[in-house]
Amino acid sequence: MSDDRQTIEHYAQAFERCLAGPAQEKTRSRAELVAHLYDAAEAGELAEAVQRLGSPRSAAALFTRAGTAPLASINQRLRAALIDLLPLIGVTIALTVRQVRDGSSVQVAFPPSYVYQPGGGILQTVGVRLALAWSILVLGILESRTGSTPGKRLLGLTVVTETGLRAPLRACVVRRLSLLAGPFAWLDWLPQLWGGTAAAPRPPHHDQGDRPARPTRATGHAGPSACHSLRHIPAFTRLISTGARTTEPAGTAKLTRRSRLCAFSRASGINGDTKMAWR
Amino acid sequence: MPKQATDEREKAVGSAETARMATLDLLRRELARGTAELAVLSILSSGRRYGYELLRLLQGTGQGLLEIREGTLYPLLHRLEDAGHIIATWQAEGRARPRKYYAITPDGRRHVALLRAEWSGLVNAMQELLTTFGEGQP
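Here the structure is a predicted model, which means the values were calculated and not measured.

Asks: Where do I start with the packing of aromatic side chains in this structure?
Replies: The description of an aromatic ring pair uses the distance of the two centres, along with the angle that the planes make with each other. Per the counting criterion, the structure on display carries three aromatic pairs over all chains. Aromatic pair Phe63(A) and Tyr74(B): ring centres 4.5 Å apart, planes at 35°, arrangement tilted. Linking Phe63(A) in helix 4 (residues 56–63) with Tyr74(B) in helix 3 (residues 70–82), this pair reaches from one chain into another. Residue class for Phe63(A) comes out buried when judged on its relative accessible area of 0%. Given a relative accessible area of 2%, Tyr74(B) falls into the buried group. For the ring pair Tyr50(B) and Tyr101(B), a centre distance of 5.8 Å and an interplane angle of 90° mean the geometry is edge-to-face. Within this pair, whereas Tyr50(B) is found in strand 1 (residues 49–50), its partner Tyr101(B) is found in strand 3 (residues 99–104), the two being separated by 51 residues in sequence. Here Tyr101(B) falls in the buried class, since its relative accessible area comes to 8%. Through pairs of rings, three or more aromatic residues link up here, namely Phe15(A), Phe63(A) and Tyr74(B).

Asks: Would you mind going over the pattern of salt bridges with me for this structure?
Replies: Note that side chains of opposite charge can pair when their charged atoms are close. Residue and element names in this part refer to chain A. One pass over the structure, following the stated rule, counts 19 salt bridges over all chains. Taking the shortest distance from any N to any O, the salt bridge between Arg 28 and Glu 25 comes out at 3.1 Å. Of this pair, Arg 28 and Glu 25 both sit in helix 2 (residues 23–42), three residues apart, roughly one helical turn. Residues Arg 28 and Glu 25 agree in their burial class; the two are buried. When the shortest N-O distance is used, the salt bridge between Glu 143 and Arg 175 registers 2.6 Å. Within this pair, whereas Glu 143 is found in helix 7 (residues 121–146), its partner Arg 175 is found in helix 9 (residues 169–177), the two being separated by 32 residues in sequence. Considered together, Glu 143 and Arg 175 belong to a single accessibility category, that of buried residues.

Parameters and conventions
- Residues numbered from 1 in each chain as written.
- Chains lettered and ligands numbered in written order.
- Predicted model: local features only at pLDDT ≥ 70, side-chain atom pairs only at ≥ 80, totals over all residues.
- Heavy atoms only, no water.
- Phe/Tyr/Trp six-rings, centres within 6.5 Å; stacked < 30°, edge-to-face > 60°.
- Helix = DSSP H or I, 4+ residues; strand = E, 2+ residues; numbered from the N terminus.
- Buried < 20%, exposed > 50% of the residue type's maximum accessible area, 1.4 Å probe, protein only.
- Salt bridge = Lys/Arg side-chain N within 4 Å of Asp/Glu carboxyl O.

Pasting the structure below:
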């Protein structure tokens, strides 16, 4: 049984690393898996159970509910983005104010140009680059490690893959590179515009079970119908509502990459057509 | 008969048998997927069960005819829970480790009654069809 325990613990650790979202949700999924594996071990069928489950990543896709969680609404997405991009917005405003103050012609660009410009000053040379590094690299790393960013955390959102797992670092960073591509690329972050459908609010009795691991706050899960209709959209990652700080009914939205529309997905090779490669 | 020819014939028979088993396996999985919801809710109608217990009961039904695995069972349980047909509670009951028990709700009972009626209708219709147009019929 000691060997079994070790096998289960190792498997569960690898399993947990594939999960995204709030710690309580991860604990809940892990507890369910571990209970299943210990029951299998008691029946002398641990090896068979592990074989059926496959890799910890594929097991994580079975036990997480993030894959069927409702998608974040446009409103939630925009508010989260506004908070996350505050440094970049701040630098843009500061650059504009400086132009006005200097009496030069006012040219506003968002994001501001990060190419060196003579006389750009420290704000343009360092400020813009730092703000962009925050918006692309730091937030990308945070998304990959925790499934969230400060803005998304405040709004109770989590970034997950189509199967509800933690998005890989490369995918998170490449997706954020679209920030540099301008408004048409940003539209791709609002999947409602490409045919997203409304999700049903979660039934009120949902939290009655799962007491040890599941918090009493709304987690924003809805039935699978929420995203089944969206399966045809080649997706990259999903932004779901995990309700960490909000109890508003789950809306719908999806952070998707449409390979035909977004060059970043194609360039990274991580659009819907090739997502098996990074699962 | 030369040994090589015998080996080749055995190999051909073996691969045909493997292909037949694979087809059968696929068919059973497809059928199990379609009937899993009814099967799970029917078991839970008789009392609460934990995940592994459910799996064993399903796998033991009809000498393993229901090819239901974890990959089908757990997403289904989550879906049924989300839909309000079942509820889950963790209980230790004197054990060191708690287990997650699933129980059917009144809403789930209504749903399973509907599924049963549909299933009976389908079985009767298929039986009628197979009798009328079955093997050996002109």
